Amino acid sequence: MGEKVIPLADHRYAASIPSIPERLDPPTGLLGDRLGRPLRDLRISVTDRCNFRCSYCMPKEVFDKHYTFLPHSSLLSFEEITRVATLFVAHGVQKLRLTGGEPLLRKDLERLIAMLAALRTADGAPLDLTLTTNGSLLERKAQALKDAGLQRVTVSLDALDDAIFRRMNDVDFPVADVLAGLEQALRVGLGPVKVNMVVKRGTNEHEIVPMARFFRENFGGQVVLRFIEYMDVGATNGWRMDEVLPSAEVVRLIDKTFPLDAAEASAPGETAQRWRYRDGAGEIGVISSVTQAFCRDCNRARLSTEGKLFMCLFADHGHDLRALLRGGHDDAQIAAAIAALWSGRDDRYSELRGAMQADTGSGQRRVEMHYIGG
């Protein structure tokens, strides 16, 4: 197996200041990239901090008490985030997902949610406003999040076995508290809830069927469990291909106990492949970015907590929108810059990785998961 070598990485990634096009065409909501992919989903990281130290995201060997996170002055303000989100909505974005780090660590997050919940698409429809959390603070914050206008939450949970879960989050946090947060989210109306389980071979694959059984038999079909392949995001998680359990194997494991049938995608560009239990007891999803790339349908952009725009989860270079926001540029100029960036997008890292071409030779490290969200 060999010894892991985990390189230290700074969190300040390469970024260029976007150019302002000479022609400022107004947004039409029909923006496409070089591969014809529309812009529909914006994922917004509101903090680079997290209270967990999961080995696949923020290993304690790197993110210890000496690690320097971004100062508050570097973060986009709620007003800046809302301004950027408004411009993306004008270009066709219909869904906003708040991420981190752990987004519930951002002070007064409910105020931002209320600001974003007020946004409307060109035809007057509300946005799909969601949040991904590790669940540690969800029990006491769920009601305030709902009252502010949040619609749904996704909870990360990698095991039901308490000892395994505590070992994976590496801060000795108990499963029971995450489940209590999930229950409270459903109680206040933040459902259906999605639960994301990152599967890492040799660590938690024996939890796959118990997780499936538990969420089949509880919560009245209001929880959808999704299994995520362990991904090679960033450079600090010591990723190895032999620790990836392909989603096809996950489906086979569950199907042996609870027969499954393939289901149609619920929306264009959906990351998860859906599988329904044959007996009607709900469904699961699998996200297979390592073994079954879905780049050709990717309609997502990602905004870091300090305002860098990334076109791909596996990007090694961002675009500094904060420089435009704080540089005196008006909305028409920034909207045109965003349009130029998306129109020039041809990212498809996972497809190239599958074809053994993913190393671009740039020499730059890819963005870390905690910095940009999932």
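Residues numbered from 1 in each chain as written. Predicted model: local features only at pLDDT ≥ 70, side-chain atom pairs only at ≥ 80, totals over all residues. Heavy atoms only, no water.

Caption draft 1: Representation of the nonpolar core in the model. By size, the foremost hydrophobic cluster in this structure holds 97 residues, and its most contacted members are Phe88, Leu96, Phe215, Phe227 and Ile254. Apart from the residues within four sequence positions on either side, Phe88 is in contact with Leu39, Leu42, Val93, Ala301, Leu309, Leu321 and Ile338. The next biggest cluster of nonpolar side chains, apart from the first, holds nine residues, and it includes Leu70, Cys312, Phe314 and Ala315. (Core = buried A, V, L, I, M, F, W, Y, C linked by side-chain atoms within 4.5 Å. Buried < 20%, exposed > 50% of the residue type's maximum accessible area, 1.4 Å probe, protein only. Contact = heavy atoms within 4.5 Å.)

Caption draft 2: Quick peek at the state of the cysteines. This model, assessed by the stated rule, comprises zero disulfides. Cysteine Cys54 shares no disulfide, and the gap to the nearest cysteine sulfur, in Cys50, comes to 6.5 Å. On the basis of relative accessibility, which here comes to 11%, the residue Cys54 falls in the buried class. Distance from the sulfur of Cys57, which forms no disulfide, to the nearest cysteine sulfur (Cys54) is 6.7 Å. (Disulfide = S-S within 2.5 Å.)

Caption draft 3: Examining the pattern of salt bridges more closely. Per the stated rule, a full pass over the model turns up 19 salt bridges. Residues Asp33 and Arg345 are paired through a salt bridge, measuring 2.8 Å at the closest nitrogen-oxygen approach. Highlighted residues: Asp33 in the loop between strand S1 (15-16) and strand S2 (41-45) and Arg345 in the loop between helix H9 (331-343) and helix H10 (349-354), separated in sequence by 312 residues. On the basis of relative accessible area, Asp33 is assigned to the buried category, the value being 6%. Put simply, Glu80 and Arg326 hold a salt bridge, and the shortest N to O gap is 2.8 Å. Of the two residues, Glu80 is situated in helix H1 (residues 78-90) and Arg326 in the loop between helix H8 (321-325) and H9; the sequence distance between them amounts to 246 residues. Since its relative accessible area comes to 43%, Arg326 is described here as partly exposed. (Salt bridge = Lys/Arg side-chain N within 4 Å of Asp/Glu carboxyl O. Helix = DSSP H or I, 4+ residues; strand = E, 2+ residues; numbered from the N terminus.)

Caption draft 4: Local environment of unusual backbone geometry. For the peptide bond that leads from Gly100 to Gly101, omega is 20°, which places it in the cis range. In this structure, Gly101 sits in the loop between strand S3 (95-99) and helix H2 (109-117). For the bond from Gly191 to Pro192, the omega torsion is 0°, close enough to zero to count as cis. Inspection of the secondary structure assignment puts Pro192 in the loop between helix H5 (175-188) and strand S6 (193-199). Phi at Asp170 takes a positive value of approximately 60°, unusual for a residue other than glycine. Looking at the element boundaries, Asp170 is found in the loop between helix H4 (162-169) and H5. Note on Asp170: relative accessible area 31%, which makes it partly exposed.

Caption draft 5: Structural detail: the environment of Glu243. Its place among the elements puts Glu243 in the loop between strand S7 (223-229) and helix H7 (247-257). We classify Glu243 as buried; its relative accessible area is 8%. In the structure, Glu243 is positioned 44 residues away from Val199 in sequence and 8.7 Å away in space, judged by C-alpha atoms.

Caption draft 6: A look at the packing of aromatic side chains. As enumerated under the stated definition, the model contains eight aromatic pairs in all. Between Tyr67 and Phe69, the ring centres sit 4.8 Å apart and the planes meet at 65°, which makes this aromatic pair edge-to-face. Each member of the pair Tyr67 and Phe69 is classed as buried. Following the ring pairs from residue to residue traces out a cluster consisting of Phe52, Phe165 and Phe173. Above the plane of the ring of Tyr277 lies Arg216, whose end atom (NZ or CZ) is 4.6 Å from the centre. (Phe/Tyr/Trp six-rings, centres within 6.5 Å; stacked < 30°, edge-to-face > 60°. Lys NZ or Arg CZ within 6 Å of the ring centre and 35° of its normal.)

Caption draft 7: The pairing of S6, seen in detail. Burial of S6 is extensive: six of the seven residues sit out of reach of the surface. Here strand S5 (residues 152-156) runs beside S6; their pairing, made up of three bridges, is parallel. When the bridges of S6 are listed, Val155 appears paired with Val195. Of the pairings in the sheet, the one linking S6 to S7 comprises seven bridges and is parallel in character. Its bridge partner lying in S7, Val198 is registered against Ile228. As a crossover connection, the stretch from S6 through helix H6 (residues 208-217) into S7 is right-handed. (Pairing = 2+ DSSP bridges. Right-handed = clockwise from strand over helix to strand, strands pointing away.)

Caption draft 8: Inspection of the packing of H6 against H7 at higher detail. Running from amino to carboxyl end, H6 crosses H7 at an angle of 55°, the nearest separation of the two axes being 10 Å. As summarised for this structure, H6 and H7 are arranged oblique, according to the angle between their axes. The crossing of H6 and H7 is right-handed. For the pair H6 and H7, the contacting residues are Ile208, Val209, Ala212 and Arg213 in the first and Val250, Leu253, Ile254 and Thr257 in the second. (Axes fitted to C-alpha atoms, helices over the stretch in contact; angles between N-to-C directions. Parallel < 35°, antiparallel > 145°, perpendicular 65-115°, else oblique. Left-handed = near helix turned anticlockwise from the far one by under 90°.)

These values are about where atoms sit, not about what they do.
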